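Coordinates in review
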Amino acid sequence: MSLKCGIVGLPNVGKSTLFNCLSNARAQAANFPFCTIEPNVGVITVPDERLNALAALCHPQRIIPTTVEIADIAGLVKGASKGEGLGNKFLANIRETDAVLHVLRCFDDDNVTHVDGSINPVRDKEIIDTELQIKDLETVESRINKVQKQAQSGGDKQAKLAYEVLLKYKTALEQGKSARTVSFDTKDEMAVARDLFLLTDKPVMYVCNVDEKSAVNGNAYVEQVKLAVAAENAEVLVVAAKIESEIAELETYDERQMFLEEIGLAESGMARLIKSAYRLLNLKTFLTAGADEVRAWTFRDGSKAPQCAGVIHTDFEKGFIRAEVIKFADFVALGSESAVKEAGKMSVEGKEYVVQDGDIMHFRFNV
């Protein structure tokens, strides 16, 4: 399944530097607003140590990790919802993403200007939130105008349902709350809500961009952000983007790991960010393993076997018969698929099987 995250924030908070760390692309990281006019897009691999473990046993021709598409969206400014800066274009780019990585500047540096003249990540967050909320309110009010008459006449049940959902959103947005804070009781309401594609309904991760000395434990700015977003059920990640960009330039894995250890980190901020994005979107990974390839596949947590088969190919889901499932730990412990079968550790599952993270799957189907 395709996954796309958009990096947003005010100008000069480190968005493009973060993007450069995440991908091998090189966005222009200049010290002035709007240096990123078109969204830079990079496809990055999701780190998964299990692939290497399986490859050592299967000796496949190729290893294929799952990927995430990252879009570096140019900096928003106050008034973006009304077209200030390059607001309308930027807001359209955000709408196309599955999740938002909201970068907040949590470092002092006199050599890097701030668009508002001082460092205050909570204020910066609220500026972006307000612009997105205003745009969402415009969307909601426009939809209300279209369905209100039909809903109040009582004859159109779908219009009535949409009207009720829209009113809930309108109330929250007018109170300065994001759409993601609104909850719905029925699947029908949830379906209507999803179809609105509101900007502030997207899952959000706050990425606190800090200096090197704050890379491990954060700083006072980070604590302010955590306090401000405590009620949002959002991910908060601390990353020193500048030092991470230097690490990303190193040639070998061993060199990068040594650099990380020197500053007190067990793994890179980029690896932590990608893993956090998976948690944010409620995503898991199943695996396929054989002589041709060892491969990771992304699925939504709670998916059943036929749905996961459809991630590989729609025909697999249509003609699903059964799934042969091996637990990753059993495969590694016993060393091969045949050994797993001999030990009676491979299970045969039907349409109701809920796939687990790390399951090694083989689907039987007939079309």
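Described in the following lines is the structure provided in the data block. Fair warning: this is a prediction, and the values are worked out from it, not measured in the lab.

1. A look at the environment of T171
Of note, T171 is situated in helix α5 (residues 157–174). Put simply, T171 and L137 are 34 residues apart on the chain and 9.4 Å apart in space, counted from C-alpha to C-alpha.

2. Observations concerning the pairing of strand β10 (residues 320–326)
For β10, a buried count of five out of seven residues is recorded, marking the element as mostly surrounded by other parts of the structure. Alignment of β10 against strand β12 (residues 360–365), held across six bridges, turns out to be antiparallel. Paired with R322 across the bridge in β12 is R364.

3. Let's talk about helix α7 (residues 220–228)
Buried residues of α7: Y221, V222 and V225, and no others. Seen end-on, α7 carries its buried residues on one side only, within an arc spanning 100°. Exposed positions of α7 whose direction lies more than 90 degrees from the buried face are A220 and L227. In this fold, the buried residues of α7 make contact with β5 (99–105), α4 (121–153), β6 (204–209) and β7 (235–239). Between the side-chain oxygen of the N-cap and the backbone nitrogen of Y221 there are 3.0 Å, and the N-cap of α7 in question is N219.

4. Topic: the packing of aromatic side chains
As enumerated under the stated definition, the model contains six aromatic pairs in all. Considering the side-chain rings of F286 and W297, the 6.3 Å spacing of their centres and the 15° angle between planes classify their relative orientation as stacked. One end of the pair, F286, is in strand β8 (residues 283–289); the other, W297, is in strand β9 (residues 293–300), with eleven residues separating them in the sequence. A single burial state applies to F286 and to W297, both of which are buried. By the ring-pair criterion, three or more aromatic residues cluster together here, those being F286, W297, F299, F320 and F363.

5. Here's the deal with unusual backbone geometry
Unlike most non-glycine residues, N12 shows phi in positive territory, near 65°. Here N12 lies in the loop between β1 (4–8) and α1 (15–22). Among the residues examined, N12 registers a relative accessible area of 12% and is labelled buried. Not every positive phi belongs to a glycine, and N282 is a case in point at roughly 60°. Mapped onto the elements of the fold, N282 is located in the loop between α10 (269–280) and β8. On the accessibility criterion, N282 (43% relative accessible area) is partly exposed.

What counts, and at which threshold
Positions within a chain are numbered from 1, following the residues in the order the chain's sequence is written. Totals for whole chains, interfaces and linings use every residue, but because this is a predicted model, local features are given only for residues with pLDDT of at least 70 and side-chain atom pairs only at 80 or more, for both listing and counting. Neither water nor hydrogens contribute to the side-chain values; these are computed over all heavy atoms in the structure. Strands are runs of DSSP state E lasting at least two residues, helices are runs of H or I lasting at least four, and both sets are numbered from the N terminus onward. Buried means the residue's accessible area, taken with a 1.4 Å probe over protein chains only, is under 20% of the maximum for its type, while exposed means over 50%, and partly exposed covers the values in between. At least two bridges found by DSSP between two strands is the condition for calling them paired. This arc describes the spread of directions from the helix axis toward the C-beta atoms. Note on definitions: a residue-residue contact is assigned when non-hydrogen atoms from the two residues lie within 4.5 Å. Under the rule applied, a polar contact is a pair of N or O atoms within 3.5 Å (in protein, one hydrogen donor and one hydrogen acceptor; residues adjacent in sequence only if both atoms are side-chain atoms). Under the pairing criterion, centres of Phe, Tyr and Trp rings, with the six-membered ring standing for Trp, must be within 6.5 Å; the plane angle then separates stacked pairs below 30 degrees from edge-to-face pairs above 60, leaving the rest tilted.

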